[in-house]
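Residues per chain, in single letters:
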Amino acid sequence: MRADATGPADGPGAVDPAALTALTAMQLMRRLDSGPRGLTEAEAEERLARFGENTVPSWRPVSWPRRFLGALRDPFTTVLLCLGLVSAAVASWGTALVIMTLVLVSCALRSGGEHQAGRAMAALRELVATTATVQRRAGADARPRLRELPIDQLVVGDVVRLGPGDLVPADVRLLRATGLTVHQAALTGESAPVPKQALDAPPGAAPDASEPPHLCFQGSSVATGSGTGLVVATGADTRFAAAYRGRARRRGETAFDRSVHGIAWTLIRFMLLTPPLVLMANAALRGRGLETLPFAVAVAVGLTPEMLPVIVTTALARGAALLARTSGVIVKRLPALHDLGAIDVLCLDKTGTLTQDRPVVVRSTGPDGAPDPEVLHWAAVNAFWTIELAELPVPDALDEAVLAAADEQDTDPLEHEGIAALPFDPAVRMSTAVIRRPGRHGTHTLVVKGAVEDVLARCGRLRSGGHESVLDEAARERLLRYAAGEADGGVRLLAVARGDRRPRLGEHTDADVRGLTFLGFVALGDALAPSAADALRALAEREVAVKVLTGDHPGTAARACRDLGLAPGEVLTADRLAGLDGPALAEAVAGATVVARCTAQDKARIVAALRAAGHTTGFLGDGVNDLPALHAADVGICPRGAVPVAREGADVVLADKDLTAIERAITTGRNASGSIAAYLRITLSSNLGNVIAMLAAGLLLPFLPMLPAQVLVQNLCFDAAQLSLAHDRPARGAARRPAVLRPRVFLRFITAFGLINAAADLATFGVLAFVAHATPGTDVPTMFHAGWFTENLLTQGLVMLLLRTGRRTAEGRGLGPVPLAVTGLAVVGLLLPVSPLAPLLAMSAPPALYYLLLTVVLTLYGAALAFARARYARRESGEGVPRGASERSAEHALVGGQDR
């Protein structure tokens, strides 16, 4: 940690953050009670014991019992638990037992799935372990020695060595640096390496400077060069860990929470009203008292989708398991799979997602802008001999890109003899190779490659079209304007120049790089991710809007989008949005595809604003700077290679940073949401119709229309059949639209179809009354119970077949799970009333006339369902739907789209 920055000033290393930029290196080392030789082992152990290990605070692992209890917070599970307790209170033990069993099964499935995801995340954390090169002494007078230590053993005041490829193990103040550049994409989102240098007394440095050149932060990595640094902050006080604190870790209600809570409270209101209504109606019209309480509770249970927790958990767990098995995607929080299906805005960074985080050569041009392969040839000569002679441990990414492009045009740098090299220096922003050209033994040639402004400043002539001329100020300004225009268009330019010199005995220095001849430019762009274009098209087909929130240059981000076929539109920058918030910010971003120069806070603000505007948002990020936005989104997504804090903060972890994996995850989420929506619509409409019929029959009949035991058996059969909905094969095109469980849409749907179901039940009552009148001597109550039991199961089977959203055809794979379940339901409904078990349930077989008339009722009921389904689909999907698309439109309408 930062050495007790809020503690007493006399503590070893008690540093105010402003001191990191205000103090000289020696003053800072004295403040930290350290020195250039590093700490002694005893000092380091004392500080480690006092301030703790250099680890980022992380969430404690959640035990399986705690996950199980947490699953009880689901609203429907809570409702079922309350109904089970009420059933037990009125001695309806069978109903109470069934309900409690469903509660236990649902909690076990949900906690088990999330526990498996937690174990997978723990395995990923074990893969992330590294060490740091630390300079320490055995005693006060001993010589310093370099040691490799686990990064969690670092303390404030340690002196560490940094080299190419090293992760920066803590926040450090540079004491020495040679050609040091670091990748800070995990912190700032910038794809290009950032130059760093050691400044003894930073002139005019502001205490709040976000990117001071003499500080390196934990979470970044060394691209080139080397350095020595003083550890000034560890653990929770690093910039890397700052995103853990405060609001970044808190997330509001997700799309799943909003949908389920809305539907839950709608049903709870109905359920709370039902038992009193039943009791009052029976007391007023039939003079019945508390003996109807078990029936009233059974009616309330009948309205409850008691299998919903099991169906939801099964559908989500099945989808999560499928993603883990086929795509390596870990869904850490099961409801996040539903939220994936509801996403209509996906926010992401450019680096590593749309692009491969490596440059490629686009073209090489002369000073006049015309293509000139000679310029690429000399750039490759510079790159090759710089790598060879400077003995760089890791080649620069730009050099590798230049050499790869030169190899395609058969350029051979070995035709020249390398003499010396001056590697890239962040201070002068160029590299120089000294070579001897064939046949020119009395001349050395300096080949220079680097930033346009710096190279042009060293040039006095330019070569264009095979002729050389003086580089005057007008030409210089023209070339600078050209470079600025290319940068605005998203192209990075390297300037290439050369100059001949007489051989010298001493070493070449930067002072020799003068009086050069300007040759031209090498243009570089980001290498596009191979699968990004196809994935973006697939996301567009699924009505997911992509927003690119990046710290990069606006032109760079816009060019990557255009190259991938994604229209960037008006490119915004974060500073233009600084004064906006809430709806105004969401409206500004809604019309844009790219927002550049974004900080971590900008990304979180934009995501939160889009979410508050009614969008279901996903955010893909992998760095510390992405953590606030990961928490602001409905679904936080990160790749397996993300920094540990990002993996901990995400809801979904991808095997790779690949948009195609997200597209598959969204499709799986929508299929799971479709199964849940189908269950809700089928169950609630059927249950509402039954409740209306039971209330009417209770008032019209001199006996209870169905006994509590019969209600229990009927519900058990229907519940068992409904489990098949979680395994139904999704229909083609079911994942084309965001799937959201919308309470108002559900209420309209279940009211309309519930009334149709109630009409069928009342028609059945009429048939039963007619049959009882036509067949004297029939035990009317038991025959009525049996007849309505059969009709209920058959109508519920028809509802499952006609209102499901899965595939209607077997496609050569045999009957699907839903048709098989409906067949079983029909068999039970027809055979149970005529079986030896019927008397135990107070049922007797109806006469054959009843079955004949019931066939007519079921035929009319099925036709009414099909007509209402098609009409509902047309109304939800809008007029003008092509005739052949009516079935697909119906499936879309039944799944439910995003409110716009």
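Structural data are supplied above this passage.
Predicted model, so just to flag it, every value in this text is computed and none were measured. (Residues numbered from 1 in each chain as written. Predicted model: local features only at pLDDT ≥ 70, side-chain atom pairs only at ≥ 80, totals over all residues. Heavy atoms only, no water.)

## Focus: the overall build of the protein
We count it as follows: Runs of H or I in DSSP of at least four residues are treated as helices and runs of E of at least two as strands, each being numbered from the N terminus. Working definition: with a 1.4 Å probe on protein chains only, accessible area under 20% of the residue-type maximum means buried, over 50% means exposed, and in between means partly exposed. The contact criterion used throughout is that any non-hydrogen atoms of two residues lie within 4.5 Å. All accessibility values rest on the Shrake-Rupley procedure with a 1.4 Å probe; residue burial counts only the protein chains present in the view.
Along the backbone of the protein there are 29 helices and 24 strands. Put simply, the protein has 900 residues, and 54% of those count as buried. Taking all contacts inside the protein whose residues are at least 6 apart in sequence as the whole, residues at least 24 apart take part in 74%. Accessible area of the protein: about 37,100 Å², with a carbon and sulfur share of 59%.

## What about the side chain of R458?
Rule in force here: Any N or O atom pair separated by 3.5 Å or less is treated as a polar contact, with the protein-specific requirement of one donor-capable and one acceptor-capable atom, and with residues adjacent in sequence counted only for side-chain atom pairs.
Note that R458 resides in the loop between α15 (452-457) and β15 (459-464). R458 sits in the buried class, given a relative accessible area of 11%. From its side chain, R458 meets the backbone oxygen of V513 in a polar contact 3.1 Å long. Each residue touching R458, except ones within four places of it in the same chain, is listed here: V428, M430, D510, V513, R514, G515 and L516.

## Re the packing of aromatic side chains
Using the following cut-off: Stacked, tilted and edge-to-face are the three classes applied to pairs of Phe, Tyr and Trp rings, where Trp contributes its six-membered ring and a pair requires centres within 6.5 Å; stacked means planes under 30 degrees apart, edge-to-face means over 60, and tilted covers the rest.
Taken as a whole, this structure holds 7 aromatic pairs when the rule is applied. Where F749 meets F753, the ring centres are 4.3 Å apart and the plane angle is 20 degrees; that geometry is what we call stacked. With a gap of 4 residues between them, F749 and F753 both fall in helix α25 (residues 743-774), about one helical turn apart. Both residues of the pair, F749 and F753, count as buried. A ring pair is formed by F765 and W788, whose centres lie 4.9 Å apart and whose planes are at 75 degrees; its orientation type is edge-to-face. A residue pair is termed long-range when its members are at least 10 positions apart, and F765 in helix α25 and W788 in helix α26 (residues 780-803) qualify at 23 residues.

## Some points on helix α19 (residues 582-590)
Stated formally: As used here, the arc belongs to the directions running from the helix axis to the C-beta atoms.
If you check which residues of α19 are buried, you get L585, A586 and V589. Looking straight down α19, one finds that the buried residues subtend no more than 100 degrees of arc, so they occupy a single side. When the buried face of α19 is taken as reference, the exposed residues oriented beyond 90 degrees from it are P583 and E587. Structurally, α19 contributes buried residues whose contacts are with β19 (545-549), β20 (572-573) and α20 (600-612).

## Considering the pairing of strand β5 (residues 171-183)
To keep it simple, the criterion reads: Should DSSP find at least two bridges between two strands, the strands are regarded as paired.
In the sheet, β5 pairs with strand β8 (residues 221-233) via 10 bridges, with the strands oriented antiparallel. Within β8, the residue paired with R176 across the bridge is T228. Of the pairings in the sheet, the one linking β5 to strand β6 (residues 194-195) comprises 2 bridges and is antiparallel in character. Residue pairing for β6: V182 is matched across the bridge by V194.

## Focus on the packing of α26 against helix α27 (residues 817-831)
The test is simple: Whenever a helix is involved, its axis is fitted only over the stretch in contact; in every case the axis is a line through C-alpha atoms, and angles between N-to-C directions fall within 0 to 180 degrees. Working rule for angles: under 35 degrees goes down as roughly parallel, over 145 as roughly antiparallel, 65 to 115 as roughly perpendicular, anything else as oblique.
Between α26 and α27, the shortest axis-to-axis distance is 8 Å and the interhelical angle comes to 170 degrees. Taken together, the axes of α26 and α27 are roughly antiparallel relative to one another. Along its contact with α26, which presents F789, T790, L793, L794, Q796, G797, M800 and L801, the element α27 presents V818, P819, V822, L825, A826, V828, G829 and L830.

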